[in-house]
Amino acid sequence: MTYYEVRVTQGHVDYYRIEANSAEEAEQLIMTGVTSGIMGNIELNQTIKRSPKFDYAVQLSPEGEVII
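Residues numbered from 1 in each chain as written. Predicted model: local features only at pLDDT ≥ 70, side-chain atom pairs only at ≥ 80, totals over all residues. Heavy atoms only, no water.

K.L.:
Sorry, what's going on with the overall build of the protein here?
P.N.:
Of the regular secondary structure elements, the protein holds one helix and four strands. Taken from N to C terminus, the helices and strands of the protein fall in the order β-β-α-β-β. Against the 2.2 N^0.38 benchmark of 11 Å for 68 residues, the protein shows a C-alpha radius of gyration of 20 Å, more extended than a compact globule. Its C-alpha atoms give the protein principal-axis dimensions of roughly 60 × 20 × 15 Å. Residues classed as buried in the protein amount to 9% of the 68 residues present. (Helix = DSSP H or I, 4+ residues; strand = E, 2+ residues; numbered from the N terminus. Rg over C-alpha atoms; globule rule 2.2 N^0.38 Å. Buried < 20%, exposed > 50% of the residue type's maximum accessible area, 1.4 Å probe, protein only.)

In structure tokens form, the structure reads like this:
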């Protein structure tokens, strides 16, 4: 049997809610919370998962290296 490396792109879209003084402040607070993992008063309102997308499949050598 032959080994293959298969790449699949998967994603999702998150919708957040937060109180802020402006759209710019809301964006800054959300980005800070998402990147740091410290969400504070940020509410995750909804998540929409996207369908996985096949990108490619390539054969691997017995050593695990990609064969081009």
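K.L.:
Looking at this structure, how should I read the pattern of salt bridges?
P.N.:
Side chains that carry opposite charge are capable of pairing whenever their charged atoms lie near each other. Under the definition given, this model contains two salt bridges. A salt bridge links Asp-55 to Arg-7, with the nearest nitrogen and oxygen atoms 3.1 Å apart. Remark: Arg-7 occurs in strand E1 (residues 4–9) and Asp-55 occurs in strand E4 (residues 53–59); sequence separation between them is 48 residues. Classification of Arg-7 as partly exposed rests on a relative accessible area of 44%. (Salt bridge = Lys/Arg side-chain N within 4 Å of Asp/Glu carboxyl O.)

K.L.:
Any chance you could explain helix H1 (residues 23–36) here in plain terms?
P.N.:
The periodicity of an α-helix, 3.6 residues per turn, causes residues three or four places apart in sequence to face the same way. Under the 1.5 Å per step criterion, the end-to-end length of H1 is 20 Å for 14 residues, consistent within 8% with the ideal 20 Å. Among all positions of H1, only Ala-26, Ile-30 and Gly-33 are buried. The buried residues of H1 occupy an angular sector of 65° when projected down its axis, which confines them to one face. Turned more than 90 degrees away from the buried face of H1 sit Glu-24, Glu-27, Gln-28 and Thr-35, all of them exposed. Where H1 is buried, its residues meet strand E2 (12–17). The positive-phi residue at the C-terminal boundary of H1 is Gly-37, with phi of around 85°. (Expected span 1.5 Å × (residues − 1). Arc of directions from axis to C-beta. Contact = heavy atoms within 4.5 Å.)

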